[in-house]
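Structure at a glance
Residues per chain are reported as follows:
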Amino acid sequence: MIKISPRLEAIATLVPINSNVIDIGCDHGLLDIYLYQKRISPKIIASDINSLALNNAKENIKRNHLEGIIETRLGNGLDSLNQEDNIDTIIISGMGANTIIGIIKNNTKKLSNISTIIIQSNTKNELIRKEIIKIGYQINEEQIVKDNNKIYIIIKFIKAAKKTKHTSKELYFGPILLEKDSLLFKEYQKAELKKLLIIKKMIPKNKILERYKINKIIKLYK
């Protein structure tokens, strides 16, 4: 059994059993190998825009004797996904929010069979929540995990029967994470507030709009 990082393991816990997965930005393909070995996903497409990363994934897949099972594709976002692939779950991790939202929103026609979207963004989780809800999904689960002294948030969206509404606080921090209110979540909030206060000090006093926006976010934290 392949060993993976706590971040990737947390992502794996959100993948529905027997789902058909495309992992966009698969990097070394370790998550995809793990999903198959743990019998979580019978069909997996490992996709990356970077040929070097994809070659690394191919080597790892071959090393684990799964070259005939896990398919690799070179492509930009959902461009490499076809309707006949019968994929129902998208995983995107390790990218910035704007890149992730671009990948999803530039290919909304390819979402007709997608019941689950799992995202681990390195930035702006509030924007991820807001934009994915807009296109007809709802937040089903959220995980927070510490890996190599960094804290990561993973969000699982499922197709919504009706549009869901959230407060600004829920969108910013995550409705499920707020409800769980774990010690790690408190640690994350404290670290983020510290960063915001440092940024605020660096904003000139004549930048009234910028200071107003950051004060609004700081108020949410406090």
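As the structure is a computational prediction, the values presented were derived from the model and not from experiment.

A tally of regular secondary structure across the protein chain gives nine helices and seven strands. Radius of gyration (C-alpha) of the protein chain: 18 Å, near the 17 Å computed for a compact globule of 222 residues. Considering only C-alpha atoms, the protein chain reaches an extent of 60 × 40 × 30 Å along its principal axes. A total of 222 residues make up the protein chain; the buried ones form 47% of that total. Looking at the protein chain alone, contacts between residues at least 24 apart form 68% of all its contacts between residues at least 6 apart. Counting every atom, the protein chain has about 12,400 Å² of accessible surface; 51% of that belongs to carbon and sulfur. In the protein chain, 38 positive and 23 negative side-chain charges are present, and the distance between their average locations comes to 9 Å.

Counted residue by residue, strand β5 (residues 116–121) has six buried out of six residues, so it is predominantly covered. Side chains T116, I118 and Q120 project from β5 onto one buried face, and the interleaved I117, I119 and S121 project onto a second face that is buried too. Relative to β5, strand β4 (residues 89–95) runs parallel, the two being bridged by six bridges. Note that in β5 the partner of I91 across the bridge is I118. Between the parallel elements β4 and β5, the chain passes through helix α4 (residues 97–105) in a crossover that is right-handed.

Another aspect to go through is the confidence of the model for the protein chain. Of the residues in the protein chain, 100% have a pLDDT of 70 or more, and the chain-wide mean is 93. Taken element by element, the predicted model of the protein chain shows its lowest mean pLDDT in helix α9 (residues 208–221) (87) and its highest in β5 (98).

To continue, consider the sheet that holds strand β7 (residues 150–159). Taken together, the seven strands give an open sheet; going across it, the order is β3-β2-β1-β4-β5-β7-β6, and neighbouring strands pair in mixed fashion. Lying at the two open borders of the sheet, with one neighbouring strand each, are β3 (70–74) and β6 (137–147). Each strand axis lies, on average, 15° off the axis of its neighbour in the sheet, ignoring direction. Here β6 runs beside β7; their pairing, made up of 10 bridges, is antiparallel.

Before going further, it helps to examine helix α2 (residues 30–37). Listing the buried residues of α2 in full gives L31, D32, I33, Y34 and L35. Looking at the buried residues of α2, the elements they touch are α1 (6–13), β1 (20–24), β2 (43–48), α3 (51–63), β3 and β4. One or two positions beyond α2, positive phi appears at R39, with a value near 60°.

Quick look at the packing of α1 against α2 now. Where α1 meets α2, the closest approach of the two axes is 10 Å, and the angle between their N-to-C directions is 45°. Classified by the angle their axes make, α1 and α2 are oblique. Handedness of the α1/α2 crossing: right-handed. Along its contact with α1, which presents L8, E9, I11 and A12, the element α2 presents L30, L31, Y34 and L35. A per-class count over the contact of α1 with α2 returns seven nonpolar, no polar and one charged.

Further remarks concern the packing of aromatic side chains. Applying the stated criterion to the full structure yields four aromatic pairs. With 5.4 Å between their ring centres and 70° between their planes, Y172 and F173 make a pair best called edge-to-face. Across this residue pair, the class does not change: Y172 and F173 are buried. When the ring of F173 is compared with that of Y221, the centres are 4.8 Å apart and the planes differ by 85°; the resulting orientation is edge-to-face.

Criteria and cut-off values
Residues numbered from 1 in each chain as written. Predicted model: local features only at pLDDT ≥ 70, side-chain atom pairs only at ≥ 80, totals over all residues. Heavy atoms only, no water. Helix = DSSP H or I, 4+ residues; strand = E, 2+ residues; numbered from the N terminus. Rg over C-alpha atoms; globule rule 2.2 N^0.38 Å. Buried < 20%, exposed > 50% of the residue type's maximum accessible area, 1.4 Å probe, protein only. Contact = heavy atoms within 4.5 Å. Areas by Shrake-Rupley, 256 points an atom, 1.4 Å probe, with all protein chains shown as cover. Lys, Arg positive; Asp, Glu negative; His and termini not counted. Charge placed at Lys NZ, Arg CZ, Asp CG, Glu CD. Pairing = 2+ DSSP bridges. Right-handed = clockwise from strand over helix to strand, strands pointing away. pLDDT = per-residue confidence, 0-100. Axes fitted to C-alpha atoms, helices over the stretch in contact; angles between N-to-C directions. Parallel < 35°, antiparallel > 145°, perpendicular 65-115°, else oblique. Left-handed = near helix turned anticlockwise from the far one by under 90°. Nonpolar A, V, L, I, M, F, W, Y, C, P; charged D, E, K, R; others polar. Phe/Tyr/Trp six-rings, centres within 6.5 Å; stacked < 30°, edge-to-face > 60°.

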